[in-house]
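# A structural walkthrough
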Amino acid sequence: MREPMSIAVWLASVLVLFCTAAAHAQPAADSVKVSGSVGYLQRIAMPPDALLTVRVEDVSRADPPALAETNESFGARQMPIPFSLSVPSAAIDARFNYAVRATITVGGELRFATIRRYAVLTRGAPNQVDLVLEEVRLVRPALADVSASPATQSATSLGVELPATFFGVLPCADCPGVAQTLTLRTDGLYRLRRTYLSKPEGPFTELGRWTAEAGGQALRLRSGSQTTLFAVRDDLSLRLLDRLGQPIRSTANLDLRRSTAVEPIGESLRWRGEFLYLADAATFTDCASGLRWPVAKAEGYLAVERDYVQSRSDPGAPLLVNLDGRLEWRPAMEGEPREHLVIERFAGSQPGATCDSPAPGKGGVAADLQDTDFEGGRSFTTPAPRYPGALFSADRQPSGSGLSIREG
């Protein structure tokens, strides 16, 4: 009887092993769950008909397509609100980058939106994120004297309806591409954000002044001494030009396409400019764009005022300063609310210097790119800018990656 029993035990063991192997051989789940919460810092209650939209997007592409999306009315709920999305596994490519974006609209008008990128799914990013939305405010000219300046261009002079945000992925020397997001305001201010895909550093942000040329068919971006030119193909797309404003002969993608939503310029940024305190009022003139804003007497303001009093060359003379801050609409001393610069952190001053003084590390992508010879199928690589106040990463560190294009 022992032999039959031994055979029975052996068969049972084989059966268990077979079932275990079969279980491990089952195909992967059909979807991946991305979840988290949505909130904002302002103490503002949303009406019941406010619409919350949360999307998982492929941000490696222009005008990112949604892999998953949810639209929910607020009803009686208030922030924070949880969300959960199922992303088809077949739609996820480990080579690409994905992010979660959220918006809140009331009566079809955008009220809140995500400003920073919340990466998910690939390249070590988590699948659980807590989104912090920023309030979207109507973009208006910063100051009357600035908006009246001949250098300030109207939206119609460019042939593009503004404000607007454009996005595209341009070639990169040692990465899958450089995701570029360009926001243009009606007062002439622009913000260009570059993200080097699969690189841990960044994103890198550039501020400056845009002007329209060639009867509105060309767009010039100027940040200090750096210049970049784009052709205005239509209201939906821009194409990179060489430094002479001529088309670049290349099979690589050189286009930025209009996004469906405008990304407001309201996040914390590094600024370099001239601070002036006079008659109990302070103003800040940005070196990169030449635009000027009143300074809010809040948060990190006092540190700058004290340094100004000690370091200025003469009463009423401007002082070149570096600071971290954001643009925000606040009540004005007189008249209607105005856009102010809110100083978050004072990073030092340069007594005796002005915006026209040479800055360390001038040059960069824009300057080098448009000095490049595109003839003969040559490829090129440019360093990222290291110009204070022009292009900095999210942690305030200058970039070290580059851009590469090869002619076909």
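Check the entry above for the structure.
I will try to describe carefully the structure that is included in this document. (Residues numbered from 1 in each chain as written. Predicted model: local features only at pLDDT ≥ 70, side-chain atom pairs only at ≥ 80, totals over all residues. Heavy atoms only, no water.)

### Structural notes on the overall build of the protein
Applied cut-off: Strands here are runs of E lasting at least two residues and helices are runs of H or I lasting at least four, both read from the DSSP assignment and numbered beginning at the N terminus. Burial here depends on accessible area, computed with a 1.4 Å probe over protein chains only, as a share of the maximum for the residue type. Under 20% is buried, over 50% is exposed, and the range in between is partly exposed. Two residues form a contact once any of their heavy atoms are found within 4.5 Å. All accessibility values rest on the Shrake-Rupley procedure with a 1.4 Å probe; residue burial counts only the protein chains present in the view.
Of regular secondary structure, the protein possesses five helices and 24 strands. Taken across its 408 residues, the protein has 48% of its residues classed as buried. Taking all contacts inside the protein whose residues are at least 6 apart in sequence as the whole, residues at least 24 apart take part in 61%. Summing over all exposed atoms, the protein offers an accessible surface of approximately 19,600 Å²; the carbon and sulfur share of this is 54%.

### A word on the environment of R191
The line we're drawing: Whenever a nitrogen or oxygen atom comes within 3.5 Å of another N or O atom, the pair is scored as a polar contact, on the condition that within protein one atom can donate a hydrogen and the other can accept it, and that pairs from neighbouring residues in sequence are kept only if both atoms are in side chains.
Looking at the secondary structure, you find R191 in strand β11 (residues 189-196). Accessibility expressed as a relative area gives 0% for R191, which makes it buried. Separated by 30 residues in sequence, R191 and L221 have C-alpha atoms that sit 9.5 Å apart. Ignoring anything within four residues of it in the chain, the contact list for R191 reads T181, L182, T183, T205, E206, L207, E263, P264, I265, G266 and E267. At 2.8 Å, the side chain of R191 forms a polar contact with the side chain of E267.

### Re the pairing of strand β14 (residues 226-234)
Applicable threshold: For two strands to be treated as a pair, DSSP must find at least two bridges joining them.
Of all nine residues that make up β14, seven are buried, and the element is covered over most of its length. Of the pairings in the sheet, the one linking strand β13 (residues 218-223) to β14 comprises six bridges and is antiparallel in character. Within the sheet, the bridge partner assigned to A218 lies in β14 and is A231. The hairpin formed by β13 and β14 contains two residues between the paired strands, and G224 there has a positive phi angle of roughly 65°. Pairing geometry for β14 and strand β15 (residues 237-240), over four bridges, is antiparallel.

### Topic: the nonpolar core
Nonpolar side chains tend to gather and get buried jointly when the protein is soluble and globular. Note the cut-off: Definition used in this section: a nonpolar core is a set of buried Ala, Val, Leu, Ile, Met, Phe, Trp, Tyr and Cys residues joined via side-chain atoms within 4.5 Å.
Residues V54, F83, V100, I104 and L131 are the most contacted members of the largest nonpolar core, which totals 27 residues. Breaking this core down by element, the ones donating at least two residues are β1 (31-40), β2 (51-58), β3 (66-73), β4 (81-88), β5 (98-106), β7 (118-120) and β8 (128-135). Among the elements that make up this core, the one with the highest residue count is β5 (five residues). Apart from the residues within four sequence positions on either side, I104 is in contact with Y40, M46, A50, L51, L52, F74, M79, E109, L110, R111, F112 and L133. In terms of nonpolar packing, the next biggest core, distinct from the first, is built from 21 residues, L269, V321, L341 and I343 among them.

### Considerations on the state of the cysteines
For the record, the criterion: What counts as a disulfide here is a pair of cysteine sulfur atoms lying within 2.5 Å.
Summed over all chains, the structure comprises one disulfide. The side chain of C287 participates in a disulfide bridge whose partner is C355; the two sulfur atoms lie 1.9 Å from each other. Because the torsion about its S-S bond is -80°, the bridge between C287 and C355 counts as left-handed. On the criterion of sequence distance, the pair formed by C287 in the loop between β18 (281-286) and β19 (292-294) and C355 in the loop between β21 (338-350) and α5 (365-369) is long-range, its members being 68 residues apart. The same class applies to C287 as to C355, namely buried.

### Quick notes on the pattern of salt bridges
The cut-off we apply is this: Salt bridges are defined by distance alone: a side-chain nitrogen of Lys or Arg within 4 Å of a carboxyl oxygen of Asp or Glu.
Under the counting rule described, the total for this entry stands at 22 salt bridges. Its salt-bridge partner being R95, residue D93 comes within 2.7 Å of it at the nearest N-O pair. Owing to a relative accessible area of 57%, R95 belongs among the exposed residues under this scheme. Taken together, the shared-partner salt bridges in this structure form one network comprising E299, R326, E328, R330 and E344.

Read these as spatial facts, not as claims about activity.
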